[in-house]
Each structure stands twice: as structure tokens, then as C-alpha cells.
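For reference, the chains in residue letters:
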Amino acid sequence: MAYTGATQMYITNTVNCTSGGIWENVSGSKLGWALSQTNTTATVYAKFRDQALNESPCISDTIIHDNIPPSGTSILINNNASYTTDSSISLSLQASGASQMYITNTVDCTGGGEWTAYSTSSSWTLGQTNRNATVYIKYRDLALNESTCISDTIIHDDVPPTSTSITINSGAQLTNSSTVNLTLDAIGASEMYITNIAACASGGAWEPYLPSKTWLLTQLNSSTNVYVKYRDIAGNESPCRDDGITHDDSAPTSTSITINSNAAFTNQTNVTLTLGATGATEMYLTDTPDCVAGGAWEPYLPNRTWNLAQANATSTVYAKFRDAARNESSCISDSIVHDNNPPTGTGVLINSGASVTNSTSVTLTLSATGASQVFVTNTPNCVEDTNGTWETYIQSRSWTLSQQNGIATVYVKFRDAALNTSECIASSITHDSLAPTQTSILINNGNSHTNSSAVTLTLAATGASEMYLTNTSGCATGGAWEVYQTSKAWMLALNNSANSVYVKYRDLAGNESECISGLITHDTIAPSGTYISVNGTNTITNST
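Residues numbered from 1 in each chain as written. Predicted model: local features only at pLDDT ≥ 70, side-chain atom pairs only at ≥ 80, totals over all residues. Heavy atoms only, no water.

1. Concerning the overall build of the protein chain
Then comes step 1: Looking only at helices and strands, one finds zero helices and 44 strands in the protein chain.
Then comes step 2: Its C-alpha radius of gyration of 53 Å places the protein chain more than 25% over the 24 Å reference for a compact globule of 544 residues.
Then comes step 3: Expressed as a percentage of the 544 residues in the protein chain, the buried residues total 34%.
Then comes step 4: For the protein chain, the computed accessible surface area is about 28,700 Å², with 48% contributed by carbon and sulfur atoms.
Then comes step 5: The distance from the centre of the 20 positive side-chain charges to the centre of the 42 negative ones in the protein chain is 4 Å. (Helix = DSSP H or I, 4+ residues; strand = E, 2+ residues; numbered from the N terminus. Rg over C-alpha atoms; globule rule 2.2 N^0.38 Å. Buried < 20%, exposed > 50% of the residue type's maximum accessible area, 1.4 Å probe, protein only. Areas by Shrake-Rupley, 256 points an atom, 1.4 Å probe, with all protein chains shown as cover. Lys, Arg positive; Asp, Glu negative; His and termini not counted. Charge placed at Lys NZ, Arg CZ, Asp CG, Glu CD.)

So, in C-alpha cells, the structure goes:
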């Protein structure tokens, strides 16, 4: 700061020096001043005064503050291509606010490059060949703020597909069909070019590489060749390969295949195939539709074991046949439903989940997902004895309990059409056909008379859960079932007369006791015709 005659200075970030500072001894510099604006144009204001307190005008200086590195940074190799056959590449670069860039093949931009003027494109040489190659870049602006190091990767590959080959019909010498199956092999191939023209000169088109493909021969009843070449994603082409076969027709007839003697279901993946073909010497079995893959030619047999490919689904086995001349029949198939999952969600309820019953005849509610049959028994663990039998699954059926006056258990298991059997489950209910015993009723603790129509009943019954109280003889009417208790207030029906109160009891199973009664006489009339005499007729006495 420059000044003449000043003894004090006032520094602030406030426009026109109106506030925000303090007067301090004047100095030619002020270290450690904090700008109030960041990442924008920042202004500092100052004024000076002398010993007589004469103040100078407010002056200022401006600087651009920037601590934000370049943003929106990106790098693309060869316009974001995945592969290249050339180690010389083109970089597409982007960074907002950048003035310089640092390009290198070194991880994290730690070395190997130099700062150059920022440009949106640049040529570059990869550091790695025939592998993943990565180029790294960082940017900086005029304030020397550096971006993070970013990168892009491309696969360098200048080696064509290897181990290339073509085989017609698995190497067969003869075929009776102009449509053949090509087995195609190439390590590293992404495309293939197949043609009937020698040396792959013409007649084909580049298509995605597949390990097998059907193909139409152009020469019939003669020797013919098919040609193929391969290329990888980077565009490297292999030499042309070929294979030959002789065409000759007439296929086996009366072909057939059945699984497990034409059964609809199985719970085993291992099944038996029954095969038929007139004139066949070989057969091709597979789980692949149309017999296009997945099998191998083998000697023809009328029976063969097979492992199903699909579990718990409809599984199909395909077959075709050929003779000594390799004439192939059409592909045929048979299907079977494989299911090795037993029924799920199994359940059994007796009388809708009731806890007790007074009848051995009950209703079972059965549930099971996927069940076609059910086995119900009173024998533990669902042992298949004469007590139960497999029958069609229904959700409700009647049943007779084998245990009486105790806990009775019913055992159930389920199975589906594939004969998968669920675990044995059970449900229990208490059978009780015995009514409550030791029943009694007392009115006012057994008193014979009362002068109040409100009385107290003392009740007793072993095994009772409910009671029915009434003033009606035989418990015929006049009452209601209520929770059993040993004492209850009651109103007599008759005044100044003998009263009977009747009660019967029942248990949780609904068994009712006999109706019993208690007797008491209601009397509110005082004695009549009463008199009293003292010493007979005498009116006076000298004795106490």
C-alpha cells in the first residue's frame, strides 16, 4: 500500500469504507487479509488519516478469487469405441474452465505426462497392447486449480480369432438333407462369414458368431463344401476354413418316443425312454427343441434311461434317428410333467377347530396346495394300515374318532398327481360324552323357610362350564344358559308358598346333567290369635 503523511489506515471489504474495519497503525502491507467474496471478483477498500485525523478518500483494489477446478471433465478414446486394432488413437476431451491438460498412461496421473494447452482433441499412443489400455487425464485452470484424474479404457487387439474350424453334422461323411448343422469354433470371435463359395470369396454375410448353425447345401447328391471365416470385435479376420460332406437321401421311418410308458407325471428326473424307428442305426436325444443341440449321436436302442433337464415343470425330450447313410428323420418329442415337490400349505381342522366334542362323528376341514389325494387315519404317523386309504382330495369330509372320553387325534397326509407325499400332520380334539357329575343346589344354605323373595343359591357340579337356572319344573323353560358359578342371587317366583328352584349343568362338550331342584318356603305372615296373662286373673301381687 502507498501513502504519504498517513499515520493510520482503515481496511475493509465494505464499499466506500463505511464499516467493517478498524483504524490501525499504517503499514506498507497487510498480511492475512480475508476476502469476503469467494469464487467471484473480490474488492478490498482502504482509507488513511494523519495525526491531525485528516482522512483520505476511500480507495480499492480488485482480484478474481477462484478455488474451483475445471468441471464437466471427460475423456473418450476413439469416440467411445470399445476396441481398437491400432495403438495410435484419438482422444476427445472436455473440461469447462480448463486452460491446460495433463495426459498420461500412468495410473492416477502421477507421472509420465506434461502440462499442455487445453484442446478438445488430441492424438495419443496407448501404453498397453492386446489388453485393456487406459489413458488418464487431469485439467487445470488459470488459477492452477486441478481437476481429479479421470480415465477412459479401450481394448487393444490386433490378433485375429484363433483355433478356428467348421464341422458339418458333427463330422459325418453323409447326409440325406440339404439342411445341415454346422459346428463352428473360434476363440475370440464375435462374427462369422459362412458361404458355399471357395476361399470365402463371396456369397456370405457377416453375422453374430454362434457355435452352431443350420445351413443349406447348394450341391445335392454330390460332395459339397461349406466355408467360413471369423472376425473379432476389433475387426481382425481369421483365414478361411472349410469342411465337406456328401449328400444322399432316405430317412428312417415309423419313428416314436415315449417317456415312462407315456405317463403324465413323474417325481424322478431319471426316466425311461421307449424309442422306435424302422431302419435306424443311430439316435440323437436331447432336451433342446427341434434337436438343434445338446445331444450326441449314439447307437439306436429301443429303451434308454434319461435325465430330464427341467425340474418341477413340463419337461420335453426330443429325438431324431438316422441310418448308416446318415439320413436323418425329423425331430420328434414326448413330454412329461416333473414334480418332486409335495403338496404345501397342508392343514387339518376337526369341527372347524373346536376344542371338544361329545360325538365320535366329526367333520374334517382339509387344506393342501397341489394335492390330488388325501390319506386320513387314526393311526399315529399316518401308517398305511387298514384304518386309512388314499382317496380323492376334498376340502371337507366326515370322520369317526377312535378315542372316546379323552384326547382324540386324526392324522392326515396328502399327495399330488406325481405321488409326492407331504409330511404327516395331525389335529386333536377332546371327546367327552359324560355330563357334569356331583350336581347340587342349596337355597339360603339349605334353610327351609325365608321371609324374603330374594335368596342366594349355592351351586355345585363337577366338570360344568355352564348352568341353566329356572323356576319352571324340569328346567323346561324360563331360564338361559350362563357361565357356571358356585353362588348366585335369585328371586323366588311365589310369595307365602313353597318355592322350588331348578338347575341343570353342561360342560364344554355340550353334555347336560339331569335337572335338579332346591326347595324353600316363602312366608311373610306373622303369627295370629296371640295372647299373654300374668298370675292368671289376679290384678295385684306382692311378689316380683
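2. Thoughts on the state of the cysteines
In protein structure, a disulfide is the covalent linkage between the sulfur atoms of two cysteines.
Then comes step 1: Scanning all chains against the criterion turns up six disulfides.
Then comes step 2: Each disulfide pairs two cysteine sulfurs, and for cysteine 17 the partner residue is cysteine 58, the sulfurs being separated by 2.0 Å. Handedness of the cysteine 17-cysteine 58 disulfide follows from its S-S torsion of about 70°: it is right-handed. You can see cysteine 17 sitting in the loop between strand 1 (8-12) and strand 2 (23-25) and its partner cysteine 58 sitting in the loop between strand 3 (41-49) and strand 4 (59-64), a full 41 residues away along the chain.
Then comes step 3: Each disulfide pairs two cysteine sulfurs, and for cysteine 382 the partner residue is cysteine 424, the sulfurs being separated by 2.0 Å. Of note, the bridge from cysteine 382 to cysteine 424 carries an S-S torsion of about 75° and is right-handed in sense. Taken together, the residues cysteine 382 in the loop between strand 32 (373-377) and strand 33 (390-392) and cysteine 424 in the loop between strand 35 (406-415) and strand 36 (425-431) connect sequence positions 42 residues apart.
Then comes step 4: The class for cysteine 424 is partly exposed, based on a relative accessible area of 28%.
Then comes step 5: Here the disulfide map of the protein chain reads 1-2, 3-4, 5-6, 7-8, 9-10, 11-12, the bonded cysteines being numbered as they appear in the sequence. (Disulfide = S-S within 2.5 Å.)

3. With respect to the pairing of strand 12 (residues 150-156)
Then comes step 1: Residues of strand 12 alternate between two faces, with Ile150, Asp152, Ile154 and His156 buried on one and Ser151, Thr153 and Ile155 left unburied on the opposite face.
Then comes step 2: As defined by bridge partners, strand 6 (residues 83-84) adjoins strand 12 across two bridges and the pair is classed as parallel. Counted as the bridge partner of threonine 84 is histidine 156 from strand 12.
Then comes step 3: In this sheet, strand 12 lies alongside strand 11 (residues 131-140) in antiparallel orientation, the contact comprising seven bridges. Bridged to isoleucine 137 within strand 12 is isoleucine 150. (Pairing = 2+ DSSP bridges.)

4. Describing the sheet that holds strand 21 (residues 253-259)
Then comes step 1: Across the sheet, which stays open at both edges, the three strands sit in the order 21-23-26 with antiparallel pairing between neighbours. Each having just a single partner strand, strand 21 and strand 26 (303-307) make up the two edges of the open sheet. Sheet twist, expressed as the average angle between the axes of neighbouring strands with direction ignored, equals 25°. (Axes fitted to C-alpha atoms, helices over the stretch in contact; angles between N-to-C directions.)

5. What to know about the sheet that holds strand 30 (residues 356-357)
Then comes step 1: With mixed pairing, the five strands of this open sheet are ordered in space as 30-36-35-32-33. Bordering the open sheet on either side are strand 30 and strand 33, each of which pairs with just one other strand.
Then comes step 2: Pairing of strand 35 with strand 36 involves seven bridges; the strand directions are antiparallel. Bridge pairing in strand 36 places glycine 406 opposite histidine 431.

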